[in-house]
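# Understanding the architecture of this molecule
Spelled out from the first residue to the last, the chains are:
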Amino acid sequence: MAVCGRAQTPKEWRDSVSILIDAIRQQPKNIDLRLKKAEANINLQQWEYAIEEYGNVLRIDDRNLAALYFRAFCHIQIRHYDQAKADYESFLAIEPVHLEARLGLAHVLRKTGRKTETMDELNRIVQMFPDSANAYAARAAYETEQNQYDIALYDWNEAICRCPDNVDFVVSKVDILIRLGKRNEALEALDNAVKRGTPRGVLKEWYDHLK
């Protein structure tokens, strides 16, 4: 789920907001207009205005998934993590099988220091989305953060198996191998990425690190 639309300049977004405000005055119950205004607010990084507008949508339709999802996103931008958590949970109560919302909830749990809940959610994500490279990568990143390198290495491998062209996954694995003192395996991981088509120059920093 993502905010979509052609690229616009800040002035064009501000003009859009003005036009939409006038339209909403004429049709205050029009959810589509309010969602478009909130999108413009996001593109202008007007997080509080977007939150307010999504609140207006939810007063009209308390099960509007777009409003819940993007209001949670806006809350994160201004570090209102408890409110973001509540919105993600409301979203998932309606639509439980949604990868991005679950990853958002896991991110909020991590930010608020709920270690057990974070890992429980990440485990749930992997179980629900076993074919998703991003599911394994999210768990691997958190395990790396917690210095759980051996199990993180397993998850980076699983992520790479599902998305072998992702350079970020490869260098995350290489970083762990270096931390574990497995320099030969780290070099092999870099070489394998090059064989799969990653330009060697993209990995130069890591090759230099292993000299």
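Structural notes, computed from the coordinates. A quick note: this is a predicted structure, and the numbers were derived from the prediction, not measured. (Residues numbered from 1 in each chain as written. Predicted model: local features only at pLDDT ≥ 70, side-chain atom pairs only at ≥ 80, totals over all residues. Heavy atoms only, no water.)

Taken as a whole, the largest pocket spans an internal volume of roughly 150 Å³. Around the largest pocket, the lining residues are Leu103, Ala106, His107, Arg110, Thr118, Leu122, Ala138, Ala141, Tyr142 and Glu145. Within the residue set of the lining of the largest pocket, elements represented by two or more residues are helix H6 (99-111), helix H7 (115-128) and helix H8 (133-145). Considering only residue class, the lining of the largest pocket consists of 6 nonpolar, 2 polar and 2 charged. (1 Å grid on protein atoms, 1.4 Å probe; cavity = no way out; pocket = protein on both sides within 12 Å on 5 of 7 lines; lining within 4 Å. Points joined across faces, edges and corners; volume = space filled by probe spheres on them. Helix = DSSP H or I, 4+ residues; strand = E, 2+ residues; numbered from the N terminus. Nonpolar A, V, L, I, M, F, W, Y, C, P; charged D, E, K, R; others polar.)

We now examine the packing of aromatic side chains. Within a pair of aromatic rings, the relevant descriptors are the distance that separates the centres and the angle that separates the planes. For the structure shown, the criterion picks out 6 aromatic pairs. Here tryptophan 47 and phenylalanine 73 contribute two aromatic rings whose centre-to-centre distance is 5.9 Å and whose plane-to-plane angle is 75°, an arrangement assigned as edge-to-face. Taken together, the positions of tryptophan 47 in helix H3 (residues 47-60) and phenylalanine 73 in helix H4 (residues 65-77) put the pair 26 residues apart, joining distant regions of the chain. Aromatic ring contacts, followed pair by pair, group Tyr54, Tyr69, Phe70, Tyr88 and Phe91 into a single cluster. Taking NZ or CZ as reference, arginine 200 lies 3.8 Å from the ring centre of tyrosine 207, over its face. (Phe/Tyr/Trp six-rings, centres within 6.5 Å; stacked < 30°, edge-to-face > 60°. Lys NZ or Arg CZ within 6 Å of the ring centre and 35° of its normal.)

Counting 34 residues, the largest nonpolar core has Ile125, Trp156, Phe169, Val174 and Leu190 as the members making the most contacts within it. Element by element, the count of residues in this core is highest for helix H10 (residues 167-179), at 7 residues. Once residues lying within four places of it in the same chain are set aside, the contact partners of valine 174 are Ala186, Ala189, Leu190 and Trp206. Membership of the second largest hydrophobic core comes to 25 residues, among which are Tyr54, Ala72, Tyr88 and Leu92. (Core = buried A, V, L, I, M, F, W, Y, C linked by side-chain atoms within 4.5 Å. Buried < 20%, exposed > 50% of the residue type's maximum accessible area, 1.4 Å probe, protein only. Contact = heavy atoms within 4.5 Å.)

Counting through the fold element by element, alanine 86 comes out in helix H5 (residues 81-94). Sequence separation between alanine 86 and lysine 182 is 96 residues; the distance between their C-alpha atoms is 42 Å.

Moving on: the packing of H8 against H10. It is the contact of H8 with H10, at a shortest axis distance of 11 Å, that shows an interaxial angle of 30°. When the axis of H8 is compared with that of H10, the two are roughly parallel. For H8 against H10, the interelement crossing comes out left-handed. Of H10, the residues touching H8 (which contributes Ala133, Asn134, Ala137 and Thr144) are Phe169, Ile176 and Arg179. Its residues assigned to classes, the contact of H8 with H10 comprises 4 nonpolar, 2 polar and 1 charged. (Axes fitted to C-alpha atoms, helices over the stretch in contact; angles between N-to-C directions. Parallel < 35°, antiparallel > 145°, perpendicular 65-115°, else oblique. Left-handed = near helix turned anticlockwise from the far one by under 90°.)

This part is about the environment of tryptophan 47. Classification of tryptophan 47 as buried rests on a relative accessible area of 14%. With 35 residues separating them in the primary sequence, tryptophan 47 and glutamate 12 have C-alpha atoms 18 Å apart.

Turning our eyes to something else, we now look at the packing of helix H1 (residues 10-26) against helix H2 (residues 31-43). Between H1 and H2, the shortest axis-to-axis distance is 9 Å and the interhelical angle comes to 155°. Considered as vectors, H1 and H2 are oriented roughly antiparallel to each other. Regarding H1 and H2, the two cross each other, and that crossing is left-handed. Two secondary-structure elements touch here, H1 through Trp13, Val17, Leu20, Ile21, Ala23 and Ile24 and H2 through Leu33, Arg34, Lys36, Lys37, Glu39, Ala40, Asn41 and Asn43. Taken together, the residues of the contact of H1 with H2 sort by class into 8 nonpolar, 2 polar and 4 charged.

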